[in-house]
Structure formats: structure tokens, C-alpha cells
Amino acid sequence: MTGTWLIPFLPLASAVLLLLSAGRMPRQFAALLGAGSVGLAALCVGLLARDFLADGEVREITLWTWMAVGEFTPRIAFYIDGLTVVMMSVITGVGFLIHLYSIEFMWEDESICRYFAYMNLFVGAMLLLVMADNLLLLYLGWEGVGVCSYLLVGFWYREPANGRAARKAFVVTRVGDTAMALGLFLLFTQLGTLDIQPLLAAADLQWQVGDSLPVLATALLLGGAVGKSAQLPLHTWLPDAMAGPTPVSALIHAATMVTAGVYLIARTYGLFLLAPPTLEVVAWIGLFTLLLAAFAALAQHDIKRILAYSTISQIGYMFLALGVSSFSSAIFHLVTHAFFKALLFLAAGAVIHCLHHEHNIFRMGGLRTRLPVVFWSFLIGSAALAALPFTSGFFSKDAILVSAWETPGIGPWLWAGGLLGALLTDLYSFRLVFVVFFGEAHTEPDRQPGWKMAFPLVLLCALSLLGGLIVLPLAGVFPAAGEHPESHTIEYLTVGIPLLGLALAYLLFLGRQLSIDSLAESSAGRGLRAFWLNGWRIDELYDALWVRPYTSLAQWWRNEPVDLLYNAIVSLSQRAHHRLAALQTGELRWYATTMVFGLVLLIAIMLRNAR
Amino acid sequence: MSGLQVPMEQVLALAGLLFSCGLLGLMLRRNIIFMLMSLEVMLNAAALAFVAAGAKWGQADGQIIFLLILTIAAAEVAVGLGLVLQIQRRFKTLDMDQARRLRG
């Protein structure tokens, strides 16, 4: 297809138009432009994907040379292979559905124009990120989505807490991005290019498996991925990022941007294969993050924070898959996760929209009959999230767990951890469903979602249910996985655990046959719940470790200690001036008298010296 | 006629006496006119000493300096009287203790 450049161009151009209108565009037109441009881009991606699936040919499209500085000539160029096509389809497809949903969700907001401008800018930047042929262009998209995340988390900027959350999201990811920039510098100085495919080839030639340079370079890249994908230790920004509008959380903080780290590692997998220690770290990061976030999700009571922690946890699964070199199952989980997590967020948004912006799940309840479309969406989304058999999440999570099991050495540990995580996932996702949609009602919905909200939900429901059947065109991208000599025990366990989790959740939260109230209300249980509610108190730890020392240093520095010396000189001379100025009385006779006495004194001294 | 008719010591004593009178007047009087007059007395005391010294050693320098002092005194009085007029106009008094606006 010749018009590939149109795909990122359409959303970007629409973003520029919307920004230039400075909010004076009629909302109908803004919505049409905002959603329409992404819809057109999705159409272009569809055509491109059809062509690609027909011939399976990798396309390289160079638009122009970005800049030329000596040997360094990055181009504005796109590299379209199976991975790119998958990512583009997710971004524009899910993105379009979320834009459509946003029209209704944001209709009454006065800044709908600004909203669509940022959203389109985000889609454009994200497309640049995944289509980029070189790491510099990828970095441009990477930072672009970071800025859009900042702008959209702080979208309702009149609330100071939202601004704080936006700054936190920006600064924490910036920590990772700095590491990533250093990684890019290192790669360029060592390999002399940033074009991804030549870079991977050069790395293969120059470096041996286990050399220290690839370990260092991949560790730095991993820093960027960890920051963007909200993994340990840089995951703290994502729960707070829920301050943004819910469709934003669905698009940016669930379906697309936070998976950019997974994409980065998958895209440069050749480097990571040269650095087994880094890969192992990736796997452990994924495992710890998925467990930690799942425990934290169990204790939350804000509907969006539960989903945020669950996103962190699911991306942990993707990292786990990357860490055991099962790249295609990571991307598979990325895709299915984009479907069911976008569905869950949009359904949660519909609940919030229909319940006067209520976020606390314990003030909801009984919505099963009152919001049927939302209920079924949520149920299907949760089933996929919990990997119940034959939903999309089941296939992708199963693939991850199986490849973890087959990894020699650490494999069984990772597998067991992942299985425990799956059980926890079931518990928190069905806790959410049972508390919000069953039981007695605490708040009555004052409206029903319209078709612009319902249509994306229904479509995403279908994708969440059937997404597991999609065969991703990743065959030529990643090294072929070996045959699965699966043992049946493993198979039964991965099927059985979600069902066990569902049963447990039912007994705990709906049927109440099992009661943990006495346990939860004991002092230890209460402490643990508060501990998990605050996300393992990692925020407080970082506050004590970094934020407070830094702010106090800044406070101290604000008084400019270096200037103390100069200020002392100034004040000294000022004080001396005041003392001496007292001598100037303005009385003529006093002057004359002092002159006489001075003269007498001088003469006396001269006479004494002359003697 | 040349040479000094009176003893040098007496002339110098007279000059010193006159100078001290002028100096005391300058320091003690508050009226600006009297202060100016005291200045004149001091100038003339110095001039007397010059003249006496010139006569004693038969040098013309003493007379020349005297003439110079005379001119300086005239110039000083011209400026001084201008100041006196201004002070009278601005402060409505000639008391120098009242005119102390230049106090630091």
C-alpha cells in the first residue's frame, strides 16, 4: 500500500487542527474529526494488514532523512513487519473504539476539543513508536506518548491532585527514559547505527552471548521499558494515573502505551538474546510485579485502581514471557490484554458515568439488572482477565505459563509464581464483579449508556471472547518456538486454577459460605489490608528515599549557600557605611573643629618625627 | 628702607594671636557673617607672617604671597557673601547650626 505514511499522519494532522482551533470548534465537529481521523487510520491499517497477510513481505518505507550529522543520518522511515502490523492494528482498532466511546463519555465536558486533540496526538505518537525504523524515531514516539500521558492524566487540571498525579507519571517514567537514552547512546557509539535491523545484525556480529556490553545496553533499554510499562521498581505512577478520564486509562494506561516497554523488548529481542542475565532479570521483574500488583489489587476499593493494579500485574505476565524468550506469547498476551482490559476500563467508565462519578465499589452493587450491557461486558472482560477456559486471556496466559514451565533452571519457580498470580487475578477480578454487580444496590444509575458507548463494549466483548483464536502473523519476526511436549498435569493445572479461583471468589464474595471477615478484621489482617491498599507502601518508601531528601536539598539550595559570602560582604560594607555616615552631622562648626584638631594632631606627629 | 624695624618674634606672636582669634571665632561663632570675618582675620594673620618674613630676609616673595592672599580673600568673600545671601533666603536665618540639611 502506498499510503502508509497516512496512518500516523491522519491522527497527527487532526490533533494539530484541533489544537489550532483553541477549543472554539463546535463539539460535533471536534468529535467527528477526533474519532474520524483514527477511524480512517484504522481503515488504512486494515488495508495494509490485508496486503501484508497476502504476501507476508516486510515493507520498508523511507519518507525523508531526518537530519545528517556526520555518520549519523537517522531517517523518518517505517519498518512494517508482522509485529508492527499487530501493534498498529491494536492501536488504531482499539483506539478507534475508545474514541467512539469517548464521544459520549466526554460530551458534556467543556474541553472536548482539547481532549480529542491530545488523544489524536497520542495515537499519532504511538503509531510512530511502533512503526519506527530506527531507535531515534522510536524514541520520539516514546517521548510523545509520555507527554500525551502527562497531558491526559492531568486533563482535569483544576483539581490539584490530578496535576500531582500527572507530574508523578511524567517524572517516574522520565527516570526510565533517561536510562533508555543512555542505552541508545551506548548502542550508537558501539555499533555505529540506530536503525533497528542493521543494529541487530551488527550486534550479532560484534558481540558474543554473555559479553558485558550487551548486558549493559539491554539493562539500560530495560530501564526505559520498566518505566513506561509500570513494572517494579518504577510502577508507582500507574495507579495514580487513574486521575485522568476513564477512556484515557483504557487507551493509554491499559491497551497501548504501557505495553510500549513490552514492544521495545520484543523489537530488540536480538540484543536481549545476547544478554541472558538481563533476560533473567526481565523474568524476575515480571514475576515480582505480577504478584505484588495482584496482592495490591485485592485490597483496593476504587474501581479504577483495581484495574490499574491488574494492568500492572498483566504486564508483569508479558515481562515474564519476554524473560523466558517466549516473545510471541508476550505479544499475544499484549493483544488479548488490550482487548479485555480496554473492555474492562470502558465498562468501568460506563459504571462511573451512569453513577454520578462514583468510584468506590462498595457504594455500587446490584447493577446486574440495572446496567445489563455493562454487566455482560464486565463479566466477559473479567472472565478473559481471569483466563477462564476458551476466553482470549486463557490462550495467551496458557502460552506464557507453558513456556515458563519449559525454561530450564528457574522455569518451575516462574511457573508456580505465575500460577499463584493467576489465582489472585481470579480473586480480585471476580471480587470486583460480585461486589459491583451483585448484592444490594447502594446507588441508582441515573442514565443508560447510549449506542456510542454500547457499540465499542459489544465489539470488545466479541474480541475478548474470540481473540484467542486470532493467529498473529509473527512467524517471521521471532525465532520459532520449539514443539511443546506438554505434560498433561501442567495442562490441567492451568485450566483448573482459574476455575478454582472463580469458585473461591464466589464462596468468598458472593455466596459468603467462606468467611474471612474474622481474619480480615484481626489486627494483622487490617494491617495487611492497609499495607496492600497503599501498594506495599512503596510510595512512602520512595518518598523517604528520594522525594523528601531531594526537596529538602532543593529547599536548602534555594537559599543559595554560595551567595552567603557575597551577601556578607555587602551587609558588612552597608553597616560600615551607616556608622561612618553618622560622622556627617551637617554642622559647619563641627567640621571646622574636627579639621582643627586633625591639623593639630598632624602637626604634632610631624614635629615628633622631625625631632 | 629695608630690614625689619620690629623684632621678628613679636610680629610672629602677633600673627599667631590673630590666627588663633580667627580660629576661635570660626569654631565658636554661629553667625555665618562672623565666621567669614574670622576667616578673613586668619588669612590676614598668615599674610602678616609672610610680609614680616619677606622684610626680614629682604625677599620680594613675601609681598607677592601677600598680594596673592589678598586676591584669594577677595574671591573668597565674593563667593562667601553669595552663599550668605542664599542661606538667608532659604533658612531665614544666619545661624549655621540651623542650616544642617547635609547631615548624613
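Residues numbered from 1 in each chain as written. Chains lettered and ligands numbered in written order. Predicted model: local features only at pLDDT ≥ 70, side-chain atom pairs only at ≥ 80, totals over all residues. Heavy atoms only, no water.

Engineer: Whenever I open this one, the pattern of salt bridges confuses me. Can you help?
Structural biologist: For side chains of opposite charge, pairing can occur when their charged atoms come near one another. All names here are of chain A. Per the counting criterion, the structure on display carries 15 salt bridges over all chains. A salt bridge links Asp 539 to Lys 168; its shortest N-O distance comes to 2.9 Å. In this pair, Asp 539 sits in helix 24 (residues 538-558) while Lys 168 sits in helix 6 (residues 160-191), placing the two residues 371 residues apart along the sequence. Looking at Asp 539, the relative accessible area reads 29%, which means it is partly exposed. Residues Asp 240 and Arg 305 are paired through a salt bridge, measuring 3.3 Å at the closest nitrogen-oxygen approach. In this pair, Asp 240 is assigned in helix 9 (residues 237-240) and Arg 305 in helix 14 (residues 303-323), connecting sequence segments 65 residues apart. A relative accessible area of 23% places Arg 305 in the partly exposed class. (Salt bridge = Lys/Arg side-chain N within 4 Å of Asp/Glu carboxyl O. Helix = DSSP H or I, 4+ residues; strand = E, 2+ residues; numbered from the N terminus. Buried < 20%, exposed > 50% of the residue type's maximum accessible area, 1.4 Å probe, protein only.)

Engineer: Sorry if this is basic, but what is going on with the domain arrangement of chain A here?
Structural biologist: How large an interface is tends to be reported as the accessible area lost when its parts come together. Here chain A is partitioned into domain 1 (286-514) and domain 2 (559-610). A C-alpha centroid distance of 84 Å is found between domain 1 of chain A and domain 2 of chain A. (Domains from an automatic or database assignment.)

Engineer: I tried to follow the interface of chain B and chain A on my own but got confused; where do I start?
Structural biologist: Counting residues at the interface gives 15 residues for chain B, matched by 10 residues for chain A. Counting each side, the surface lost to burial between chain B and chain A is near 1,100 Å², with a carbon and sulfur contribution of 59%. Our count for the chain B to chain A interface comes out at 1 salt bridge. Between Arg 589 of chain A and Asp 97 of chain B there is a salt bridge, with its nearest N and O atoms 2.8 Å apart. Linking chain B to chain A there are 3 residue pairs in polar contact (both at pLDDT 80 or more). When residues of the side of chain B that touches chain A are traced back to their parent elements, those giving at least two are helix 1 (8-28) and helix 2 (32-57) of chain B. For the side of chain B that touches chain A, the element with the highest residue contribution is helix 1 of chain B, accounting for 4 residues. Counted by class, the side of chain B that touches chain A contains 9 nonpolar, 1 polar and 5 charged residues. (Contact = heavy atoms within 4.5 Å. Buried area = accessible area lost by both parts, 1.4 Å probe. Polar contact = N/O pair within 3.5 Å; in protein donor to acceptor, adjacent residues only side chain to side chain. Nonpolar A, V, L, I, M, F, W, Y, C, P; charged D, E, K, R; others polar.)

Engineer: Looking at this structure, how should I read the environment of Tyr 542 of chain A?
Structural biologist: Residue and element names in this part refer to chain A. Note on placement: Tyr 542 falls in helix 24. On a C-alpha basis, the gap between Tyr 542 and Pro 233 in space is 9.9 Å, while along the polypeptide they are 309 residues apart. Beyond its immediate chain neighbours, meaning those up to four positions away, Tyr 542 contacts Pro 233, Thr 236 and Val 547.

Engineer: Honestly, a nonpolar patch on the surface in this entry has me stumped. Any pointers?
Structural biologist: A contiguous nonpolar patch, built from Leu 553, Trp 556, Trp 557, Val 562, Leu 565, Tyr 566 and Ile 569 of chain A and spanning about 810 Å² of accessible area, is present on the exposed surface. Elements represented by at least two residues in the nonpolar patch include exactly helix 24 and helix 25 (563-581) of chain A. (Patch = residues over 30% accessible without salt bridge, like charges linked within 9 Å, V, L, I, M, F, W, Y side chains within 5 Å. Areas by Shrake-Rupley, 256 points an atom, 1.4 Å probe, with all protein chains shown as cover.)

Engineer: Before we go on, may I ask you to explain the packing of aromatic side chains in this structure?
Structural biologist: Each aromatic ring pair is summarised here by two numbers: the centre-to-centre distance and the angle between the ring planes. Residue and element names in this part refer to chain A. Scanning all chains against the criterion turns up 24 aromatic pairs over all chains. Plain terms: the ring middles of Trp 405 and Trp 415 are 4.8 Å apart, the flat faces sit at 65 degrees to each other, and that makes the pair edge-to-face. Residue Trp 405 is located in helix 18 (residues 392-406), and its partner Trp 415 is located in helix 19 (residues 411-437); the two are separated by 10 residues in the primary sequence. Between the aromatic rings of Phe 430 and Phe 434, the centroid separation amounts to 6.0 Å while the plane-to-plane angle is 35 degrees, which identifies the pairing as tilted. (Phe/Tyr/Trp six-rings, centres within 6.5 Å; stacked < 30°, edge-to-face > 60°.)

Engineer: Looking at this structure, I do not really get the side chain of Asn 120 of chain A. What am I missing?
Structural biologist: All names here are of chain A. With respect to the element layout, Asn 120 can be found in helix 4 (residues 112-131). The exposure class assigned to Asn 120 is buried, which follows from its relative accessible area of 0%. Apart from residues lying up to four places away in sequence, Asn 120 is in contact with Pro 11, Leu 12, Ser 14, Ala 15, Leu 18, Leu 33, Gly 34, Ser 37, Val 38 and His 99.

Engineer: Please explain the packing of helix 3 (residues 82-105) of chain A against helix 20 (residues 451-466) of chain A as it appears in this structure.
Structural biologist: The description of two helices packed together rests on the angle between their axes and the distance between the axes. Residues and elements named next belong to chain A. Two elements in contact, helix 3 and helix 20, have axes whose closest approach is 7 Å; the angle formed by their N-to-C orientations is 150 degrees. With respect to helix 20, the axis of helix 3 lies roughly antiparallel. The interaxial crossing formed by helix 3 with helix 20 has left-handed handedness. Note on element contacts: helix 20 touches helix 3 through Trp 451, Lys 452, Met 453, Phe 455, Pro 456, Leu 459 and Leu 460, opposite Leu 97, Leu 100, Tyr 101, Ile 103, Glu 104 and Phe 105. Across the contact of helix 3 with helix 20, the residue classes break down as 11 nonpolar, no polar and 2 charged. (Axes fitted to C-alpha atoms, helices over the stretch in contact; angles between N-to-C directions. Parallel < 35°, antiparallel > 145°, perpendicular 65-115°, else oblique. Left-handed = near helix turned anticlockwise from the far one by under 90°.)

Engineer: For this particular structure, what's the right way to read unusual backbone geometry?
Structural biologist: Peptide bonds are mostly trans, and most non-glycine residues show a negative phi. Residues and elements named next belong to chain A. Of note, the bond from Leu 232 into Pro 233 is cis; its omega dihedral lies within 30 degrees of zero at -5 degrees. Looking at where Pro 233 falls in the secondary structure, it is placed in the loop between helix 8 (212-228) and helix 9. In this model, His 357 sits at a positive phi of 60 degrees, which is unusual for a non-glycine residue. In this structure, Trp 536 is a non-glycine residue whose phi angle is positive, near 60 degrees. Here Trp 536 is to be found in the loop between helix 23 (523-533) and helix 24. With a relative accessible area of 27%, Trp 536 lands in the partly exposed category.

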